[in-house]
Amino acid sequence: MGVGVSIFFLTLGAILRFAIEPDVLGENVHIDVIGLIFMIVGAVGIVLSVVLAPRRGQTSEDRLMHRENNPPDV
């Protein structure tokens with residue numbers, strides 16, 4: 001999950017948690033709890049993206065190979 005998706009989950013969770021009435025879908029569905037879960041998932045995703053981002057650059061090595069195409073001596 002990238003930073004963009006994490007910010008999306010965080011924003012969606014905040015909207016569900018603070019902007020929508022908790023009993024809009026009835027007493028059995030708790031929109032505020034679902035919003036809190038989305039906010040937690042978004043925050044964990046941002047932290048993991050920031051922590052694991054430097055490790056992605058260390059997985060490959062840049063190698064430069066120099067070859068010369070000289071014709072054979074006749």
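See the structure shown above.
All of the points below concern the structure found in this document. Everything quoted here is computed from the prediction, not taken from an experiment.

Calculation notes
Residues numbered from 1 in each chain as written. Predicted model: local features only at pLDDT ≥ 70, side-chain atom pairs only at ≥ 80, totals over all residues. Heavy atoms only, no water. Helix = DSSP H or I, 4+ residues; strand = E, 2+ residues; numbered from the N terminus. Buried < 20%, exposed > 50% of the residue type's maximum accessible area, 1.4 Å probe, protein only. Contact = heavy atoms within 4.5 Å. Areas by Shrake-Rupley, 256 points an atom, 1.4 Å probe, with all protein chains shown as cover. Phe/Tyr/Trp six-rings, centres within 6.5 Å; stacked < 30°, edge-to-face > 60°.

### Focus: the overall build of the protein
Point 1. The helix and strand inventory of the protein stands at two helices and zero strands.
Point 2. Expressed as a percentage of its 74 residues, the buried residues of the protein come to 11%.
Point 3. For the protein, the proportion of contacts with a sequence separation of at least 24, taken over those separated by at least 6, is 54%.
Point 4. Here the protein has roughly 6,500 Å² of accessible surface; of this, 62% comes from carbon and sulfur atoms.

### Focus: the environment of Gly42
Point 1. In this structure, Gly42 sits in helix H2 (residues 31-56).
Point 2. Linking Gly42 and Phe8, residues 34 residues apart in sequence, is a C-alpha distance of 7.3 Å.
Point 3. With residues near it in sequence (within four places) discarded, Gly42 still touches Ser6, Phe9 and Leu10.

### Considerations on the packing of aromatic side chains
Point 1. The final tally for this structure, using the stated rule, is two aromatic pairs.
Point 2. Between Phe9 and Phe38, the aromatic rings sit 5.5 Å apart at their centres with planes inclined by 45°, giving tilted as the arrangement. Here Phe9, found in helix H1 (residues 3-19), pairs with Phe38, found in helix H2; they are 29 residues apart in sequence, far enough to count as distant.
Point 3. Relative accessible area serves as the criterion here: at 22%, Phe9 is assigned to the partly exposed category.
Point 4. Ring-pair connections join several aromatic residues into one group, and the members of that group are Phe8, Phe9 and Phe38.

### Observations regarding the environment of Val3
Point 1. Take Val3: it is sitting in helix H1.
Point 2. Judged by relative accessible area, Val3 falls into the partly exposed class, the value being 41%.
Point 3. Separated by 40 residues in sequence, Val3 and Ala43 have C-alpha atoms that sit 9.6 Å apart.

### Side note on the environment of Ile34
Point 1. Tracing the chain through its elements places Ile34 in helix H2.
Point 2. On the basis of relative accessibility, which here comes to 34%, the residue Ile34 falls in the partly exposed class.
Point 3. For Ile34 and Leu12, which are 22 residues apart along the polypeptide, the C-alpha to C-alpha distance reads 9.8 Å.
Point 4. Not counting residues up to four positions away in its chain, the partners in contact with Ile34 are Leu16 and Val29.

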